[in-house]
Amino acid sequence: EVGIEEGYIWYTGLPARIRADLGQIRQQVGDLNRWHVHALPESEYPLVYQRYLGEEGLSGAGLSLYTALPVSLAHGTHEVWLQATSAESDPLYGTGRHSTLLGRLQNFWQFSRSTYGQIGFTALGGDHADTLKGRVLGADLRLTWRPPHAGTRRNLTFRAEGYRFRGDELGDITTRYGMFADLVLQTSQRWIFGARYDYVESPRGARVKEWQISPTITWWQSEFVYLRLEGQHHHVDGGENDNRLLFQAVFSMGPHKHETY
């Protein structure tokens, strides 16, 4: 299958310093949903994304509005996204494409020349007629240490995200929770080590809990090619453990410059 993962036009310099994106976009959920799968620190999206948004996260065709707020709390930068798309998400709607509304507040602080942090809050949801309604609330944290004199060779990043899913299927209401924590350490220009812990409860039906641990080793052969070895230990309550060893090779053709910065 060949398809368009993202394709949009954007306008800057609009009133109130608004940027508008129009087209097929990956929506601004947490820190990682916006990333394409080849750029993730692991081979797959976190389990909470897969269970509450879809196997490939959340994306859709529509309109995105972005602006940076003209205020600063503790010398921070505060950004807001409002998005309306037609998205396909089995956890939220069952089948078909349906209107999805999303709002996100993201706050950024530069603590020193080497360290910065980010805290974000996301709310999204939509309805499949009167049969299925899905709502998701989320909070995310990111802390990064990257010394300016070794920005391409040294990097330590910690991420943690938590989500609350509320589903209403013909009056049967469920409230479930999920999260992940991720640590990535770059020790040189070529070597990156990481590990992620996932926990999530099934969005609808009987409450099924699952968790997973995924350690990774990534080696950049060049700026366009990387190889990754990843282990996965996956556990589902009431089921057997699933252990896997994955090998991933990613080839990138040309620069990736679709963002203004």
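What counts and how
- The residue numbering used here restarts from 1 in each chain and proceeds along that chain's sequence as written.
- Since the coordinates come from a predicted model, pLDDT governs what is reported: local features require at least 70, and pairs of side-chain atoms require 80 or more to be given and counted, while whole-chain, interface and lining totals use all residues.
- Working from all heavy atoms in the structure, the side-chain values ignore hydrogens and water.
- The helix and strand labels rest on DSSP assignments: H or I over at least four residues marks a helix, E over at least two residues marks a strand, and numbering proceeds from the N terminus.
- Only C-alpha atoms enter the radius of gyration, while the globule expectation follows 2.2 Å times N to the 0.38, with N the number of residues.
- When a residue's accessible area, from a 1.4 Å probe over protein chains only, is under 20% of the maximum for its type it is buried; when over 50% it is exposed; and in between it is partly exposed.
- The contact rule is simple, with two residues in contact once any of their heavy atoms fall within 4.5 Å.
- Method for areas: the Shrake-Rupley scheme with a 1.4 Å probe, in which residue coverage is limited to the protein chains shown.
- None of His or the chain ends enter the tally, which takes Lys and Arg as positive and Asp and Glu as negative.
- By convention, the charge on Lys lies at NZ, on Arg at CZ, on Asp at CG and on Glu at CD.
- Across the chain, each position has a pLDDT score giving the predictor's confidence in that residue, from 0 to 100.
- Throughout this description, the term salt bridge denotes a Lys or Arg side-chain nitrogen within 4 Å of a carboxyl oxygen of Asp or Glu.
- A pair of strands is considered paired only if DSSP assigns at least 2 bridges between the two.
- Definition used in this section: a nonpolar core is a set of buried Ala, Val, Leu, Ile, Met, Phe, Trp, Tyr and Cys residues joined via side-chain atoms within 4.5 Å.

### Let's talk about the overall build of the protein
Logical step 1: A count of helices and strands for the protein gives two helices and 13 strands.
Logical step 2: For 261 residues, the compact-globule estimate of 2.2 N^0.38 gives 18 Å, and the C-alpha radius of gyration of the protein, at 19 Å, lies within 12% of that figure.
Logical step 3: Across its three principal axes, the protein shows a C-alpha extent of roughly 55 × 55 × 40 Å.
Logical step 4: Residues classed as buried in the protein amount to 43% of the 261 residues present.
Logical step 5: Nonlocal contacts in the protein, meaning residues at least 24 apart in sequence, comprise 50% of its contacts between residues at least 6 apart.
Logical step 6: Surface accessibility of the protein: about 14,100 Å² in total, with carbon and sulfur atoms responsible for 60%.
Logical step 7: Across the protein, the centroid of the 26 positively charged side chains sits 8 Å from that of the 29 negatively charged ones.

### Details of the confidence of the model for the protein
Logical step 1: On average, residues of the protein score 92 in pLDDT, and 97% of them reach the 70 mark or higher.
Logical step 2: Mean pLDDT values over the elements of the protein span from 90, in helix 2 (residues 90–93), up to 98, in strand 10 (residues 191–201).

### Digging into the pattern of salt bridges
Logical step 1: Per the stated rule, a full pass over the model turns up 13 salt bridges.
Logical step 2: The closest approach of N and O atoms between Arg 204 and Glu 169, which form a salt bridge, is 3.5 Å. Within this pair, whereas Arg 204 is found in the loop between strand 10 and strand 11 (209–222), its partner Glu 169 is found in strand 8 (residues 155–169), the two being separated by 35 residues in sequence.
Logical step 3: On the accessibility criterion, Arg 204 (23% relative accessible area) is partly exposed.
Logical step 4: For Glu 169, a relative accessible area of 39% corresponds to the partly exposed category.

### A look at the pairing of strand 1 (residues 7–14)
Every regular strand shows the same layout, with side chains that alternate between the two sheet faces.
Logical step 1: Here strand 1 runs beside strand 2 (residues 18–26); their pairing, made up of six bridges, is antiparallel. Each bridged residue has a counterpart across the sheet, and for Tyr 8 the counterpart in strand 2 is Gly 23.
Logical step 2: Where strand 1 hands over to strand 2, the hairpin turn is made up of three residues, of which Ala 16 adopts a positive phi near 65 degrees.

### Comments concerning the nonpolar core
Logical step 1: Counting residues in hydrophobic clusters, the biggest one holds 20 residues, and the most contacted among them are Val 29, Val 48, Tyr 49, Leu 58, Leu 92, Leu 124 and Tyr 163.
Logical step 2: Those elements that provide at least two residues to this core are helix 1 (47–52), helix 2 and strand 8.
Logical step 3: Here the element with the most residues in this core is helix 1; it accounts for four residues.

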